[in-house]
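Descriptive analysis of the structure
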Amino acid sequence: KIALLHGAHRVGKRTDATMEKWRGYGLGQFIHWGLYAIPGGAWNGKQYNGAAEWIRSWDGIPKSTYDSLNYSFNPTAFDAKAWAKTAKQMGARYVTFTTKHHDGFCLWPSKYTKYTVKNSPYKKDIVKAVVDAYDQEGIDVILYFSVMDWNHPDWRYDIKTKEDSIAFERFKKFTRNQLIELLTNYPTVKGLWFDGTWDKSWVKQAAFADELETEMRRLRPGLIIGSRFRADENGKRHFDSNGVLMGDYEQGWERKIPSKIEDVHGNDWDCVMTVPENQWGYNAAWNGHLKTGTELIEMTARCVSLGGNFVLNFGPKGDGAIRQEEIKLAEEIGDWMKVNQEAIYNCEYAGFDKQDWGYFTRKTGTDKVYMVVFNVPLSGALRIKTPSKTAIKKAYMLADAEESFVPEEISADEYFLHLKKSTNSKPFVIVLETLKATQDNGTKYEKAKI
Ligand SMILES: Cc1ccc([C@@H]2N[C@@H](C)[C@@H](O)[C@H]2O)cc1
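Attention in this report is confined to the structure presented alongside it. From a predicted model like this one, the values you see are computed outputs, not experimental measurements.

**Quick word on the overall build of the protein chain**
A count of helical and extended segments in the protein chain gives nine helices and 18 strands. Relative to the compact-globule value of 22 Å for 450 residues, the protein chain shows a C-alpha radius of gyration of 24 Å, a close match. Scored against the burial criterion, the 450 residues of the protein chain give a buried share of 56%. Looking at the protein chain alone, contacts between residues at least 24 apart form 70% of all its contacts between residues at least 6 apart. With the model as given, the accessible surface of the protein chain reaches about 19,200 Å², and the carbon-plus-sulfur share is 53%. Between the averaged position of the 62 positive side-chain charges in the protein chain and that of its 59 negative side-chain charges there is a distance of 2 Å.

What follows is the structure, given as structure tokens:
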């Protein structure tokens, strides 16, 4: 073990109630909204293919013209209550909302810069509107914050000169001020989702960032901060020099999902996902593959089956309205969640071997296991391999408990559930009530008689 002053301060998962609630969210919403939604991936009639929220950084974009977009930011269709209703009916249990993206434009009236919504035609505090609307719907709020700030004159990619160092000290104070300001203005938020923390300038601030994290946690006990916020004193990010996760959950799963339980190293994690291949902010021309509702439901089940949460991104338009494609996806996911949410909320890795037909989830702390089925085999037989000393007492459709199954034992701890020749067009869930023979209750392990 390497002695570290600014590495991880905890080994293993947090066990407090706030984090246990976070662990059970299952499904969340990401919202990327800001000035980049105005151009929507195009500039002077030319469509760009990169991620729309990065348009300021592309060749050919006059940065000063982009920066003055705050003077034309007037989202007349913005309705935080409508956003929160969409999230509620989709079944999202939390939302991660961009307070400030890399371009530095603040969607709250920060006292520490002029580059905020206050100096736009819109004027009002968007962060407050979103926090209040989602609180009212009972959806927890996490605030996204980009440390990298292209607008701030004191931002540096690296610190090479004395001048850089003096400027970056000012930038560090500015960053701390904004974070304390956010936690003070919006006391109900449950966490911060950091981005823009990979450049050398910030990676060199292990001591400062460690102290700032401690200060934020003291200001907001229970605050949830991911692994992307700070590096250790050797510049190690996400995992410190001893391989221990920094922060409360792993933030590395951006547009990708772990394929097996070993990949998550026993940590909490969430996966943040775009509908197109790689567009977070609004891009008018959604090119390439757009994920379908069923694909996104499968990603949700896959994340929960591996002990994580799935967070689907929405990129509202420059006028503040959510695009129709996203509304439709939210409805499709919501319709499925209304029937099957029991297999998603407050569920965890089941400890069953993965099978081709889909995913196992387990209601946290119980013997109730769910089979979320996406790929019905031609045989109609769903294979189950139970962990040793685990019997299946009951098996039935979540949507209709009357429709039950008698597992056919095909070998030790291995069964088939035979589906009726029904043509399922949507993913469905089967409940397994299991029985774990435990030594201390003295019962000799008996195959439960179905
Ligand atoms: C290389 C890279 C940097 C930043 C990102 C940002 N993280 C996502 C959550 C979005 O905010 C994207 O702009 C994506 C890729």
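**Focus: the site of the ligand**
Around the ligand sit His32, Glu53, Trp54, His101, His102, Tyr144, Trp193, Asp195, Trp198, Glu254 and Trp280, and that is every residue in its neighbourhood. One of the side-chain nitrogen or oxygen atoms of tryptophan 54 is found 3.1 Å away from an oxygen atom of the ligand. Histidine 101 is positioned with one of its side-chain polar atoms (N or O) 2.8 Å from an oxygen atom of the ligand. Compared with its free state, where it exposes 390 Å², the ligand has 75% of that area covered by protein.

**Comments concerning the pairing of strand E17 (residues 414-418)**
With four of five residues buried, E17 lies mostly within the body of the structure. Across five bridges, the pairing between strand E14 (residues 381-385) and E17 is antiparallel. Counterpart to lysine 385 in the pairing with E17 is glutamate 414. Here strand E16 (residues 408-411) pairs with E17 via three bridges, running antiparallel.

**Overview of the pattern of salt bridges**
Pairing between side chains of opposite charge can happen when their charged atoms approach one another. The tally for this structure, following the rule as stated, stands at 30 salt bridges. For aspartate 67, the salt bridge goes to arginine 56, with nearest N and O atoms at 2.7 Å. With aspartate 67 in helix H2 (residues 63-67) and arginine 56 in the loop between strand E3 (46-47) and H2, the pair connects residues that are eleven residues apart, well separated along the chain. Pair check on accessibility: aspartate 67 and arginine 56 agree, each one buried. Of the charged contacts in the structure, one is a salt bridge between arginine 217 and aspartate 248, with a shortest N-O distance of 2.9 Å. One end of the pair, arginine 217, is in helix H7 (residues 206-219); the other, aspartate 248, is in the loop between strand E7 (224-225) and strand E8 (250-254), with 31 residues separating them in the sequence. Judged by relative accessible area, which is 22%, arginine 217 ranks as partly exposed. When its relative accessible area of 2% is taken as the criterion, aspartate 248 is described as buried. Overlapping salt bridges, with partners in common, bring together Arg10, Arg14, Asp16, Asp210, Glu213, Arg217, Arg230 and Asp248 in one network.

The rules we used
Residues numbered from 1 in each chain as written. Predicted model: local features only at pLDDT ≥ 70, side-chain atom pairs only at ≥ 80, totals over all residues. Heavy atoms only, no water. Helix = DSSP H or I, 4+ residues; strand = E, 2+ residues; numbered from the N terminus. Rg over C-alpha atoms; globule rule 2.2 N^0.38 Å. Buried < 20%, exposed > 50% of the residue type's maximum accessible area, 1.4 Å probe, protein only. Contact = heavy atoms within 4.5 Å. Areas by Shrake-Rupley, 256 points an atom, 1.4 Å probe, with all protein chains shown as cover. Lys, Arg positive; Asp, Glu negative; His and termini not counted. Charge placed at Lys NZ, Arg CZ, Asp CG, Glu CD. Near = heavy atom within 4 Å. Polar contact = N/O pair within 3.5 Å; in protein donor to acceptor, adjacent residues only side chain to side chain. Pairing = 2+ DSSP bridges. Salt bridge = Lys/Arg side-chain N within 4 Å of Asp/Glu carboxyl O.

Interpretation note: all reported values are geometric properties and have no functional meaning in isolation.
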